[in-house]
Amino acid sequence: MGNHFPETLLKIRYRYVFKESLNLKNPQTLNEKILWAKLYSDTTRWTELADKRTVRDYVEKIGLGDTLVKLYATWYKKEEVNFDVLPDTFIIKANNGDGKGTNKIIRKADLTPKKKAEYIEMIGEWLSRKNIGALHAEPHYKNMKPCVIAEEVLPLEKGATSLTDYKMWCFNGKCYYTWICNDRSAGGNSAHVMTYDMDWNAHPEFSVFNSDYLRGDIIPKPKNFDKMVEIAEKLSKGFPELRVDLYNIDGKIYFGELTFTSQGGFMDFYTPEFNKLLGEKFSIKDFPLKKK
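A few points on the structure. Just so it is clear, the model here is predicted, and its values are computed rather than measured.

## Re the nonpolar core
No. 1: In terms of nonpolar packing, the biggest core is built from 63 residues, with L235, L246 and L258 touching the most fellow members.
No. 2: For L235, the residues in contact, after removing those within four places along its chain, are Y58, V59, I62, L64, L242, V244, L246, F255 and L258.
No. 3: Membership of the second largest hydrophobic core comes to 17 residues, among which are W75, V81, F83 and L86.

Below is the structure:
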(Lines give C-alpha, C1' and ligand atoms only; values in the text may rest on other atoms or scores of the structure.)
Protein backbone atom coordinates (compact mmCIF):
# COMPACT_ATOMS: atom_id res chain seq x y z
CA MET A 1 0.00 0.00 0.00
CA GLY A 2 2.89 2.36 0.79
CA ASN A 3 4.24 1.91 -2.73
CA HIS A 4 0.97 2.47 -4.62
CA PHE A 5 -1.22 4.59 -2.32
CA PRO A 6 1.22 6.42 -0.02
CA GLU A 7 -1.09 9.35 0.72
CA THR A 8 -3.92 7.05 1.77
CA LEU A 9 -1.54 5.02 3.93
CA LEU A 10 -0.21 8.10 5.72
CA LYS A 11 -3.71 9.44 6.36
CA ILE A 12 -4.82 6.13 7.86
CA ARG A 13 -1.71 5.81 10.05
CA TYR A 14 -1.93 9.44 11.16
CA ARG A 15 -5.52 9.08 12.29
CA TYR A 16 -4.63 5.85 14.12
CA VAL A 17 -1.70 7.46 15.98
CA PHE A 18 -3.04 10.96 16.68
CA LYS A 19 -6.81 10.43 16.50
CA GLU A 20 -7.22 13.33 14.06
CA SER A 21 -7.07 14.00 10.33
CA LEU A 22 -3.79 14.65 8.57
CA ASN A 23 -3.65 18.18 7.15
CA LEU A 24 -1.73 17.95 3.86
CA LYS A 25 -3.31 21.00 2.22
CA ASN A 26 -1.95 23.39 4.82
CA PRO A 27 0.46 21.45 7.08
CA GLN A 28 1.40 23.22 10.30
CA THR A 29 3.26 20.84 12.58
CA LEU A 30 6.66 19.22 12.14
CA ASN A 31 5.01 15.82 11.67
CA GLU A 32 2.62 17.14 9.02
CA LYS A 33 5.38 18.90 7.10
CA ILE A 34 7.60 15.80 7.14
CA LEU A 35 4.70 13.74 5.81
CA TRP A 36 3.98 16.37 3.14
CA ALA A 37 7.65 16.35 2.11
CA LYS A 38 7.69 12.56 1.80
CA LEU A 39 4.80 12.72 -0.64
CA TYR A 40 5.47 15.82 -2.71
CA SER A 41 9.08 17.01 -2.40
CA ASP A 42 12.19 15.83 -4.24
CA THR A 43 13.76 13.29 -1.85
CA THR A 44 16.60 12.27 -4.17
CA ARG A 45 19.34 13.52 -1.86
CA TRP A 46 17.68 11.90 1.13
CA THR A 47 18.56 8.50 -0.34
CA GLU A 48 22.27 9.30 -0.30
CA LEU A 49 22.35 11.05 3.06
CA ALA A 50 20.11 8.73 5.10
CA ASP A 51 22.24 5.79 3.93
CA LYS A 52 24.73 5.00 6.70
CA ARG A 53 27.43 4.14 4.16
CA THR A 54 27.08 6.82 1.48
CA VAL A 55 26.51 9.65 3.96
CA ARG A 56 30.14 9.22 4.98
CA ASP A 57 31.18 10.52 1.55
CA TYR A 58 29.08 13.66 2.10
CA VAL A 59 30.60 14.23 5.55
CA GLU A 60 34.09 13.91 4.05
CA LYS A 61 33.22 16.17 1.13
CA ILE A 62 32.17 19.10 3.32
CA GLY A 63 35.34 18.86 5.40
CA LEU A 64 34.09 17.00 8.48
CA GLY A 65 35.87 13.70 7.92
CA ASP A 66 37.51 14.00 11.34
CA THR A 67 34.09 13.40 12.95
CA LEU A 68 33.59 10.01 11.27
CA VAL A 69 33.82 6.77 13.20
CA LYS A 70 36.42 4.37 11.78
CA LEU A 71 35.02 2.19 8.98
CA TYR A 72 36.48 -1.31 8.82
CA ALA A 73 34.48 -3.02 6.07
CA THR A 74 31.51 -2.78 3.71
CA TRP A 75 29.68 -5.91 2.55
CA TYR A 76 27.10 -6.15 -0.23
CA LYS A 77 26.87 -9.94 -0.12
CA LYS A 78 27.05 -12.25 2.86
CA GLU A 79 29.75 -14.22 1.02
CA GLU A 80 32.03 -11.17 1.33
CA VAL A 81 31.94 -11.21 5.14
CA ASN A 82 35.34 -11.85 6.73
CA PHE A 83 35.47 -11.36 10.48
CA ASP A 84 39.12 -12.45 10.67
CA VAL A 85 40.46 -9.15 9.32
CA LEU A 86 38.50 -7.05 11.82
CA PRO A 87 39.64 -5.87 15.28
CA ASP A 88 38.73 -7.63 18.50
CA THR A 89 35.51 -5.63 18.89
CA PHE A 90 33.40 -3.95 16.22
CA ILE A 91 29.81 -3.05 15.42
CA ILE A 92 27.90 -4.07 12.32
CA LYS A 93 25.06 -1.96 10.92
CA ALA A 94 22.63 -2.21 8.02
CA ASN A 95 23.01 0.93 5.90
CA ASN A 96 19.21 1.22 5.55
CA GLY A 97 18.34 0.25 9.11
CA ASP A 98 16.66 2.33 11.78
CA GLY A 99 18.96 1.15 14.55
CA LYS A 100 16.41 -1.23 16.06
CA GLY A 101 17.47 -4.78 15.33
CA THR A 102 19.85 -3.85 12.52
CA ASN A 103 23.06 -3.27 14.45
CA LYS A 104 25.10 -5.56 16.61
CA ILE A 105 28.31 -5.26 18.63
CA ILE A 106 30.50 -8.30 18.04
CA ARG A 107 33.49 -9.47 20.08
CA LYS A 108 35.77 -11.88 18.29
CA ALA A 109 36.43 -13.71 21.55
CA ASP A 110 32.78 -14.84 21.41
CA LEU A 111 32.91 -15.94 17.78
CA THR A 112 32.56 -19.69 17.91
CA PRO A 113 32.08 -21.33 14.48
CA LYS A 114 28.37 -21.65 15.22
CA LYS A 115 28.06 -18.03 16.29
CA LYS A 116 29.99 -16.85 13.25
CA ALA A 117 27.61 -18.75 10.97
CA GLU A 118 24.61 -17.24 12.78
CA TYR A 119 25.95 -13.71 12.33
CA ILE A 120 26.62 -14.27 8.64
CA GLU A 121 23.05 -15.50 8.15
CA MET A 122 21.80 -12.46 10.06
CA ILE A 123 23.81 -10.20 7.75
CA GLY A 124 22.27 -12.03 4.80
CA GLU A 125 18.80 -11.26 6.16
CA TRP A 126 19.68 -7.58 6.56
CA LEU A 127 20.95 -7.48 2.98
CA SER A 128 17.66 -8.93 1.73
CA ARG A 129 15.74 -5.96 3.15
CA LYS A 130 14.84 -3.95 0.07
CA ASN A 131 12.14 -1.30 0.34
CA ILE A 132 11.99 -0.99 4.12
CA GLY A 133 10.36 2.43 3.88
CA ALA A 134 7.14 1.16 2.31
CA LEU A 135 5.30 0.82 5.63
CA HIS A 136 5.79 4.52 6.37
CA ALA A 137 5.76 5.63 2.71
CA GLU A 138 9.40 6.74 2.89
CA PRO A 139 10.52 6.92 -0.76
CA HIS A 140 14.19 7.59 -0.07
CA TYR A 141 14.74 4.06 1.24
CA LYS A 142 13.51 2.47 -1.96
CA ASN A 143 16.63 3.30 -3.98
CA MET A 144 19.22 2.44 -1.33
CA LYS A 145 21.52 -0.40 -2.32
CA PRO A 146 21.55 -2.62 0.79
CA CYS A 147 24.90 -3.18 2.44
CA VAL A 148 26.25 -3.87 5.91
CA ILE A 149 29.14 -1.93 7.39
CA ALA A 150 31.54 -2.77 10.20
CA GLU A 151 32.66 0.18 12.30
CA GLU A 152 34.60 1.06 15.41
CA VAL A 153 32.73 0.72 18.69
CA LEU A 154 32.75 4.08 20.42
CA PRO A 155 33.80 4.04 24.09
CA LEU A 156 31.40 4.92 26.87
CA GLU A 157 32.11 7.87 29.10
CA LYS A 158 32.97 7.09 32.70
CA GLY A 159 29.90 5.88 34.60
CA ALA A 160 27.69 5.75 31.47
CA THR A 161 25.61 2.69 30.61
CA SER A 162 25.13 3.71 26.97
CA LEU A 163 26.17 6.38 24.50
CA THR A 164 24.50 9.77 24.72
CA ASP A 165 22.85 10.84 21.46
CA TYR A 166 22.72 14.56 20.74
CA LYS A 167 19.90 14.85 18.19
CA MET A 168 20.03 18.41 16.91
CA TRP A 169 16.99 19.87 15.18
CA CYS A 170 18.06 22.10 12.29
CA PHE A 171 15.90 24.10 9.90
CA ASN A 172 17.40 25.76 6.82
CA GLY A 173 20.86 25.30 8.25
CA LYS A 174 20.16 26.74 11.70
CA CYS A 175 20.06 24.69 14.90
CA TYR A 176 17.19 25.36 17.32
CA TYR A 177 16.93 22.50 19.82
CA THR A 178 18.87 19.44 20.96
CA TRP A 179 17.05 16.28 21.94
CA ILE A 180 19.15 14.11 24.26
CA CYS A 181 18.72 10.33 24.38
CA ASN A 182 20.78 8.37 26.89
CA ASP A 183 20.63 5.52 29.40
CA ARG A 184 19.20 3.19 26.79
CA SER A 185 17.89 -0.19 27.85
CA ALA A 186 19.91 -3.27 26.95
CA GLY A 187 17.60 -4.06 24.05
CA GLY A 188 17.55 -0.46 22.87
CA ASN A 189 13.76 -0.25 23.17
CA SER A 190 13.69 2.58 25.71
CA ALA A 191 15.77 5.62 26.57
CA HIS A 192 15.82 8.60 28.87
CA VAL A 193 15.19 11.82 26.97
CA MET A 194 15.25 15.57 27.46
CA THR A 195 15.01 18.58 25.13
CA TYR A 196 17.28 21.61 25.47
CA ASP A 197 17.17 25.02 23.81
CA MET A 198 20.25 26.81 22.48
CA ASP A 199 21.01 28.27 25.93
CA TRP A 200 20.89 24.74 27.37
CA ASN A 201 17.68 25.28 29.28
CA ALA A 202 15.89 21.95 29.75
CA HIS A 203 12.27 21.74 28.57
CA PRO A 204 10.55 18.64 29.95
CA GLU A 205 7.22 20.27 29.07
CA PHE A 206 7.99 19.66 25.36
CA SER A 207 7.90 15.88 25.80
CA VAL A 208 5.31 13.16 26.25
CA PHE A 209 7.08 10.69 28.52
CA ASN A 210 6.11 7.03 28.40
CA SER A 211 7.61 3.55 28.79
CA ASP A 212 9.71 4.03 25.64
CA TYR A 213 10.78 7.62 26.31
CA LEU A 214 11.45 8.17 30.00
CA ARG A 215 12.18 11.53 31.57
CA GLY A 216 15.93 12.00 31.64
CA ASP A 217 18.05 13.77 34.22
CA ILE A 218 19.39 17.24 33.45
CA ILE A 219 22.93 16.86 32.11
CA PRO A 220 25.68 19.49 31.91
CA LYS A 221 26.09 21.47 28.71
CA PRO A 222 29.05 20.10 26.72
CA LYS A 223 32.02 22.45 26.93
CA ASN A 224 32.33 22.39 23.15
CA PHE A 225 28.62 22.72 22.45
CA ASP A 226 29.27 25.66 20.13
CA LYS A 227 31.42 23.37 18.01
CA MET A 228 28.63 20.80 17.90
CA VAL A 229 26.23 23.49 16.69
CA GLU A 230 28.73 24.57 14.05
CA ILE A 231 29.03 20.98 12.78
CA ALA A 232 25.27 20.40 12.82
CA GLU A 233 24.58 23.61 10.92
CA LYS A 234 27.24 22.81 8.33
CA LEU A 235 25.76 19.34 7.78
CA SER A 236 22.20 20.68 7.53
CA LYS A 237 22.92 23.64 5.25
CA GLY A 238 20.55 23.68 2.28
CA PHE A 239 17.88 21.47 3.86
CA PRO A 240 14.56 22.89 5.13
CA GLU A 241 14.39 20.28 7.89
CA LEU A 242 17.04 17.88 9.13
CA ARG A 243 17.90 16.20 12.40
CA VAL A 244 21.66 15.85 12.85
CA ASP A 245 22.71 13.16 15.31
CA LEU A 246 26.10 13.54 17.00
CA TYR A 247 28.06 11.97 19.85
CA ASN A 248 30.39 13.84 22.19
CA ILE A 249 32.77 11.61 24.11
CA ASP A 250 35.26 13.31 26.43
CA GLY A 251 35.23 16.34 24.15
CA LYS A 252 35.63 14.43 20.90
CA ILE A 253 32.67 14.96 18.54
CA TYR A 254 31.55 12.07 16.34
CA PHE A 255 29.06 12.04 13.50
CA GLY A 256 26.10 9.73 14.02
CA GLU A 257 23.59 10.05 11.18
CA LEU A 258 21.26 12.40 9.32
CA THR A 259 17.54 11.92 9.78
CA PHE A 260 15.00 13.46 7.42
CA THR A 261 11.93 11.60 8.62
CA SER A 262 12.20 11.22 12.39
CA GLN A 263 9.97 8.29 13.42
CA GLY A 264 8.55 8.43 9.91
CA GLY A 265 6.81 11.73 10.69
CA PHE A 266 4.75 10.12 13.45
CA MET A 267 6.53 11.55 16.48
CA ASP A 268 4.19 11.07 19.42
CA PHE A 269 6.88 11.75 22.02
CA TYR A 270 6.53 15.52 21.58
CA THR A 271 3.55 17.54 22.73
CA PRO A 272 1.28 18.97 20.01
CA GLU A 273 2.43 22.46 21.04
CA PHE A 274 6.11 21.68 20.59
CA ASN A 275 5.44 19.84 17.34
CA LYS A 276 3.75 22.99 16.06
CA LEU A 277 6.56 25.19 17.36
CA LEU A 278 9.09 23.12 15.38
CA GLY A 279 6.81 23.22 12.35
CA GLU A 280 6.87 27.02 12.44
CA LYS A 281 10.64 27.07 11.86
CA PHE A 282 10.33 26.30 8.15
CA SER A 283 7.87 26.36 5.27
CA ILE A 284 6.92 23.59 2.88
CA LYS A 285 7.79 26.14 0.16
CA ASP A 286 11.43 25.63 1.19
CA PHE A 287 11.36 22.06 -0.17
CA PRO A 288 12.24 21.41 -3.81
CA LEU A 289 9.22 19.83 -5.50
CA LYS A 290 9.27 16.25 -6.71
CA LYS A 291 10.47 15.90 -10.29
CA LYS A 292 7.76 14.68 -12.65
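## Let's talk about the sheet that holds strand β10 (residues 252-259)
No. 1: With mixed pairing, the six strands of this open sheet are ordered in space as β8-β7-β6-β5-β9-β10. Each end of this open sheet is capped by a strand with a single partner; those strands are β8 (213-215) and β10. Across the sheet, the axes of successive neighbouring strands diverge by a mean angle of 35°, strand direction being ignored.
No. 2: The pairing of strand β5 (residues 165-171) with strand β6 (residues 174-182) spans seven bridges and is antiparallel. The residue of β6 that forms the bridge with F171 is K174.

## Observations concerning the side chain of H140
No. 1: Within the fold, H140 resides in the loop between α5 (113-127) and β4 (148-151).
No. 2: Those residues in contact with H140 that lie beyond four places of it in its chain are T43, W46, T47, A50 and T261.

## Thoughts on unusual backbone geometry
No. 1: Positive phi, normally seen in glycine, also occurs at D183, with a value near 50°.
No. 2: Mapped onto the secondary structure, D183 falls in the loop between β6 and β7 (191-196).
No. 3: Unusually for a residue other than glycine, W200 sits at a positive phi of about 65°.
No. 4: One can find W200 in the loop between β7 and β8.

## What to know about helix α7 (residues 272-279)
Spacing of three or four residues puts side chains on the same side of an α-helix, whose turn is 3.6 residues.
No. 1: Those residues of α7 that sit buried are F274, N275, L278 and G279. Burial along α7 is one-sided: seen end-on, the buried residues are contained in an arc of 145°. α7 presents P272 and E273 as exposed residues on the side facing more than 90 degrees away from its buried surface.
No. 2: The elements touched by buried residues of α7 are α2 (30-40), β5, β6 and β7.

## Brief notes about the sheet that holds strand β3 (residues 103-107)
No. 1: The antiparallel open sheet is built from four strands, whose spatial order is β1-β4-β2-β3. Each edge of the open sheet is held by one strand with a lone partner, namely β1 (71-75) and β3. Recorded for the sheet is a direction-independent mean angle of 20° between the axes of neighbouring strands.
No. 2: As paired strands, strand β2 (residues 89-94) and β3 are joined by five bridges and run antiparallel to one another. Looking across to β3, one finds that T89 is bridged to R107.

## What about the pattern of salt bridges?
No. 1: If you walk through the whole model with that rule in mind, you get 13 salt bridges.
No. 2: As a salt-bridge pair, K116 and D84 come within 3.5 Å of each other at their nearest N and O atoms. Here the residue K116 occupies a position in helix α5, and D84 occupies one in the loop between β1 and β2, the gap between them amounting to 32 residues.
No. 3: Residue D165 pairs with R184 through a salt bridge whose shortest N-O separation is 2.6 Å. In this pair, D165 sits in strand β5 while R184 sits in the loop between β6 and β7, placing the two residues 19 residues apart along the sequence.

## Structural notes on the packing of aromatic side chains
In this description, an aromatic ring pair is defined by two values, namely the gap between the centres and the angle between the planes.
No. 1: Taken as a whole, this structure holds 23 aromatic pairs when the rule is applied.
No. 2: For the pair W169 and F171, a centre-to-centre distance of 6.2 Å together with 5° between the ring planes defines the contact as stacked.
No. 3: Among the residues examined, F171 registers a relative accessible area of 1% and is labelled buried.
No. 4: Members of the aromatic cluster, connected to one another through ring pairs, are W36, Y40, W169, F171, Y176, F282 and F287.
No. 5: Over the face of the ring belonging to F282 we find K33, whose NZ or CZ atom lies 5.1 Å from the ring centre.

Definitions and cut-offs
- Residues numbered from 1 in each chain as written.
- Predicted model: local features only at pLDDT ≥ 70, side-chain atom pairs only at ≥ 80, totals over all residues.
- Heavy atoms only, no water.
- Core = buried A, V, L, I, M, F, W, Y, C linked by side-chain atoms within 4.5 Å.
- Buried < 20%, exposed > 50% of the residue type's maximum accessible area, 1.4 Å probe, protein only.
- Contact = heavy atoms within 4.5 Å.
- Pairing = 2+ DSSP bridges.
- Helix = DSSP H or I, 4+ residues; strand = E, 2+ residues; numbered from the N terminus.
- Axes fitted to C-alpha atoms, helices over the stretch in contact; angles between N-to-C directions.
- Arc of directions from axis to C-beta.
- Salt bridge = Lys/Arg side-chain N within 4 Å of Asp/Glu carboxyl O.
- Phe/Tyr/Trp six-rings, centres within 6.5 Å; stacked < 30°, edge-to-face > 60°.
- Lys NZ or Arg CZ within 6 Å of the ring centre and 35° of its normal.

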